[in-house]
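# Chains, contacts and geometry: an overview
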Amino acid sequence: GAERSGEVVRKAVSAMQQIEKSSGEISNIIGVIDDIAFQTNLLALNAGVEAARAGDAGKGFAVVAQEVRELAQRSAKAAKEIKALITTSGEQVVAGVGLVGETGKALEVIVSEVQEINHHVSAIVTATREQSIGLQEINTAVNNMDQGTQQNAAMVEEQTAASHALAQEANALEELLRQFKLGQVAPAPRASVAGTSSRPVASPAHALTRTVAKAFGGRQASGAATVQEEWTEF
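Residues numbered from 1 in each chain as written. Predicted model: local features only at pLDDT ≥ 70, side-chain atom pairs only at ≥ 80, totals over all residues. Heavy atoms only, no water.

A few words on the environment of Ile86. You can see Ile86 is positioned in helix α2 (residues 59-178). Accessibility expressed as a relative area gives 15% for Ile86, which makes it buried. Sequence separation between Ile86 and Ser23 is 63 residues; the distance between their C-alpha atoms is 6.2 Å. The residues contacting Ile86, other than those within four sequence positions of it, are Ser23, Ile26, Ser27 and Ile30. (Helix = DSSP H or I, 4+ residues; strand = E, 2+ residues; numbered from the N terminus. Buried < 20%, exposed > 50% of the residue type's maximum accessible area, 1.4 Å probe, protein only. Contact = heavy atoms within 4.5 Å.)

Now the structure itself:
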């Protein structure tokens, strides 16, 4: 609308310029009419002078010359008034042209601002579309979270049901175990640790072997010593 108004204003400025031009031409024509009235007035004045010289024969012509002179004066006066009106109209046309020009400039500023607003609106539309896409992605993520939450809830319900079933089976097993009579088992003997009082003592057989070895000499003594060593190792 502002662009169309700007075009109308440009046409109005052109029309005002044409009116101003026509006013100038009318002023020129009025100037010509004023000159004609002045010349007619002079001619009527000369005709009156000639009629006065003619005497009684020129009285009728003198009356006609007087009428022509009055008409010429009236024409000159009207021409001056029209010229004054045309001059005033021309000044008003000039002022109108200036005002229309300022209106055109204001409309051009309005058009520029409207275009800038259009750019801002386009940017807002783009940002709104991006936000819409972001909201759709958020909605999809929330739906996925909702599905995961529902799955977790279903798993929790299944786990709760399994826990109840396990508790019931444990109670049943406890009931079955109560039917059995279980005796007390004797504790197993604990192994004792050897101390200083548990060292081995000398065997009486060793003393007997030594006595026999002293009683017999030679070979038997050596054999007895061997037997003594074996018994000692044992």
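Here the narrative resumes.
So, on to the pattern of salt bridges. With the rule as written, the count across this model stands at three salt bridges. With a shortest N-O distance of 2.7 Å, Arg10 and Glu7 are connected by a salt bridge. Here Arg10 and its partner Glu7 are both found in helix α1 (residues 2-54), three residues apart, which amounts to about one turn of the helix. With a relative accessible area of 36%, Glu7 lands in the partly exposed category. Among the salt bridges present, the one from Arg178 reaches Glu174, with a minimum N-O distance of 2.9 Å. Highlighted residues: Arg178 and Glu174, both in helix α2, separated by four residues, approximately one helical turn. Residue classification places Arg178 among the exposed positions, given a relative accessible area of 57%. Look at the salt bridges and you will find they share partners, linking Glu174, Glu175 and Arg178 into a network. (Salt bridge = Lys/Arg side-chain N within 4 Å of Asp/Glu carboxyl O.)

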